[in-house]
Amino acid sequence: MNVHVTKKILSEGLGLLERVVPSRSSNPLLTALKVEATEAGLTLSGTNLEIDLSCFVPAEVRNPQNFVVPAHLFAQIVRNLGGELVELELSGAELAVRAGGSDFKLQTGDLDAYPPLSFPSQADVSLDATELARAFSSVRYAASNEAFQAVFRGIKLEHRPEGARVVASDGYRVAIRDFPASGDGRNLIIPARSVDELIRVLKDGEARFTYGDGLLSVTTDRVHMNLKLLDGDFPDYERVIPKDIKLQVTLPATALKEAVNRVAVLADKNANNRVEFLVSEGKLRLAAEGDYGRAQDTLDVAQGGTEPAMSLAFNARHVLDALGPIEGEAELLFSGSTSPAIFRAAGGGGYMAVMVTLRV
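What this report covers is the structure whose coordinates are included nearby. (Residues numbered from 1 in each chain as written. Predicted model: local features only at pLDDT ≥ 70, side-chain atom pairs only at ≥ 80, totals over all residues. Heavy atoms only, no water.)

Here we look at helix α5 (residues 253–264)
Going by this rule: A run of H or I in DSSP becomes a helix once it reaches four residues, and a run of E becomes a strand once it reaches two; helices and strands are each numbered from the N terminus. A helix's residues, less one, multiplied by 1.5 Å, set its expected span. Residue contacts are counted whenever heavy atoms from the two residues lie within 4.5 Å of one another.
Taking 1.5 Å per residue, twelve residues should reach 16 Å; α5 reaches 16 Å between its end C-alpha atoms and fits that length. Buried-residue contacts for α5 involve β18 (247–252), β19 (274–280), β20 (283–290), β21 (293–300), α6 (316–323) and β24 (329–334).

Things to note about the environment of glycine 232
Here glycine 232 shows up in the loop between β17 (223–228) and β18. Sequence separation of glycine 232 and leucine 188 is 44 residues, and the distance between their C-alpha atoms is 9.5 Å. Sequence-distant contacts of glycine 232, defined by excluding residues within four places in its chain, comprise Val151 and Ile189.

Some remarks on the pattern of salt bridges
For the record, the criterion: Each salt bridge in this description consists of a side-chain nitrogen of Lys or Arg and a carboxyl oxygen of Asp or Glu lying within 4 Å of one another. Exposure categories follow from relative accessible area, calculated using a 1.4 Å probe and restricted to protein chains: below 20% of the type maximum is buried, above 50% is exposed, and the middle band is partly exposed.
Evaluation of the coordinates by the stated rule reveals 24 salt bridges. Salt-bridge contacts for arginine 19 lead to glutamate 197; the nearest nitrogen and oxygen are separated by 3.3 Å. Remark: glutamate 197 occurs in helix α4 (residues 192–201) and arginine 19 occurs in helix α1 (residues 7–20); sequence separation between them is 178 residues. Given the relative accessible area of 46%, arginine 19 is considered partly exposed. Residues aspartate 297 and arginine 262 are paired through a salt bridge, measuring 2.7 Å at the closest nitrogen-oxygen approach. Taken together, the positions of aspartate 297 in strand β21 and arginine 262 in helix α5 put the pair 35 residues apart, joining distant regions of the chain. Among the residues examined, aspartate 297 registers a relative accessible area of 15% and is labelled buried. The partly exposed category is assigned to arginine 262, whose relative accessible area is 44%. Among the charged side chains, a salt-bridge network with shared partners connects Lys156, Glu158, Arg160, Glu162, Arg165, Asp178 and Glu238.

Notes on the packing of α5 against α6
The condition is simple: Geometry is summarised by axes, namely lines fitted to C-alpha atoms with helices restricted to the contacting stretch, and by angles between N-to-C directions that run from 0 to 180 degrees. Each angle gets one of four labels, with under 35 degrees taken as roughly parallel, over 145 as roughly antiparallel, 65 to 115 as roughly perpendicular, and the rest as oblique. Two helices cross in a left-handed way if the nearer one is turned anticlockwise from the farther one by less than a right angle. They cross in a right-handed way if the turn is clockwise. Under this grouping Gly is polar, as are all residues other than the nonpolar Ala, Val, Leu, Ile, Met, Phe, Trp, Tyr, Cys and Pro and the charged Asp, Glu, Lys and Arg.
Two numbers describe how α5 lies on α6: the axes approach to 10 Å, and their chain directions differ by 160 degrees. Regarding the angle of α5 to α6, the classification is roughly antiparallel. For the pair α5 and α6, the sense of crossing is left-handed. Residues Leu256, Lys257, Val260, Asn261 and Ala264 of α5 lie in contact with α6, whose contacting residues are Ala316, Val319, Leu320 and Leu323. When the residues that make up the contact of α5 with α6 are grouped by side-chain class, the tally is seven nonpolar, one polar and one charged.

Focus: the pairing of β19
Using the following cut-off: Two strands pair under a simple rule: DSSP has to find at least two bridges between them.
Side chains Val275, Phe277 and Val279 project from β19 onto a buried face, and the interleaved Arg274, Glu276, Leu278 and Ser280 project onto a face without burial. Examined bridge by bridge, β19 and strand β23 (residues 309–315) share seven bridges and lie antiparallel to one another. In the sheet register, glutamate 276 faces β23, and the bridge partner there is alanine 313. Here β19 runs beside β20; their pairing, made up of five bridges, is antiparallel. Residue pairing across strands places phenylalanine 277 opposite leucine 286, the latter belonging to β20.

A few points about the nonpolar core
To be explicit about the condition: Residue types Ala, Val, Leu, Ile, Met, Phe, Trp, Tyr and Cys, when buried and joined through side-chain atoms within 4.5 Å, form a set referred to as a nonpolar core.
Membership of the largest hydrophobic core comes to 67 residues, with the highest contact counts inside it found for Leu42, Leu44, Phe74, Leu95 and Phe209. The element that contributes the greatest number of residues to this core is helix α3 (residues 129–139), accounting for six residues. If we skip the residues at most four places from it in the chain, phenylalanine 209 touches Ala123, Asp124, Val125, Leu127, Leu132, Leu157, Leu216, Ser217 and Val218. Leu251, Ala264, Ala295 and Leu299 belong to the second-largest nonpolar core, a separate cluster that totals 37 residues.

With respect to the layout of surface pockets
Applied cut-off: The definitions used throughout rest on a 1 Å grid laid over the protein atoms alone, on which a cavity is an enclosed set of points accommodating a 1.4 Å probe that cannot get out and a pocket is an open set flanked by protein within 12 Å on both sides along at least five of seven lines; lining residues are those having an atom within 4 Å of a point. Grid points are joined across faces, edges and corners, and a volume is the space filled by probe spheres set on the points.
In this structure, the largest pocket occupies an estimated 380 Å³ of space. If you go around the largest pocket, you meet 17 residues; those closest to its centre are Glu50, Pro191, Ala192, Arg193 and Ser194. Counting residues per element, the ones that place at least two in the lining of the largest pocket are α1 and α4. Tallying contributions element by element places α4 first for the lining of the largest pocket, with four residues. Contributions of two or more residues to the lining of the second largest pocket are made by α1 and α4. Looking at the lining of the second largest pocket residue by residue, the class counts come to three nonpolar, one polar and six charged.

Here you go:
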């Protein structure tokens, strides 16, 4: 077998696999990737038993053969090659990797022992890949990293009559994004770490979903993925979204991010990075206090609602996370000093963050 492929394209494909294939495992085969060659190019595939990933790399191939190689070692070799056109030559159990003046010989693995990976050819529903990646990216920050929180470690994907919605929560905040979608899809919970990999492979075009038993298969023009889903019921997040809004504040999202960053320098790290928000007479005063002093910043805002003034407190880190996906004007909706608050873009866009307040 002889293959010619550009270093850039091969490195991109290997980069996707590297994030999925473990560098160490009690089963050495799981640290390898399988390369299937056809006259059209190479299909790279690997698994960590939670995610199966297959990626196509266009290449010139003569005498196609399949083989298995150590994933991370192969990727490291390709990245460090001296030339831009890579030649792969398989001879027996040895793979030659050449480019420029570089020449590596890599031992291949047992092809027959590699676990079989299969990906569906039919799709149940299709979603816009760009919209889906944007939605997942908007809410990912709110998913929990705590192992004991079960479904909170996942992101819920809901198909609704008017479109689709993704939701993440760690019990202290909820991040929601609605986006256009059609078709009769299922509601499911995808592990947040799997969503990270999904975001990386979703570009333009369509993401085609195929549903299995506890499994979601996602297909794009270049990539196939199988993702294990989380079991359980996602909490009823809608009950924490405040309905009785008493005070509304609008201001540039960037200005609020910068001001929160400034005062948070002195926020008490042992008291949830507490930053106080005091709204009154078209002004938003931010204040933080810690062991080394106190800070204050004041911003002009457009104020509305039935309450003339209100004082609340938030975790500064949570505020910055919530503001991250908002461009332009941010709209802050308050229903009381001890009730959850809503942060969203003033011009719409489908994104909303709901955060619990700290005790004033």
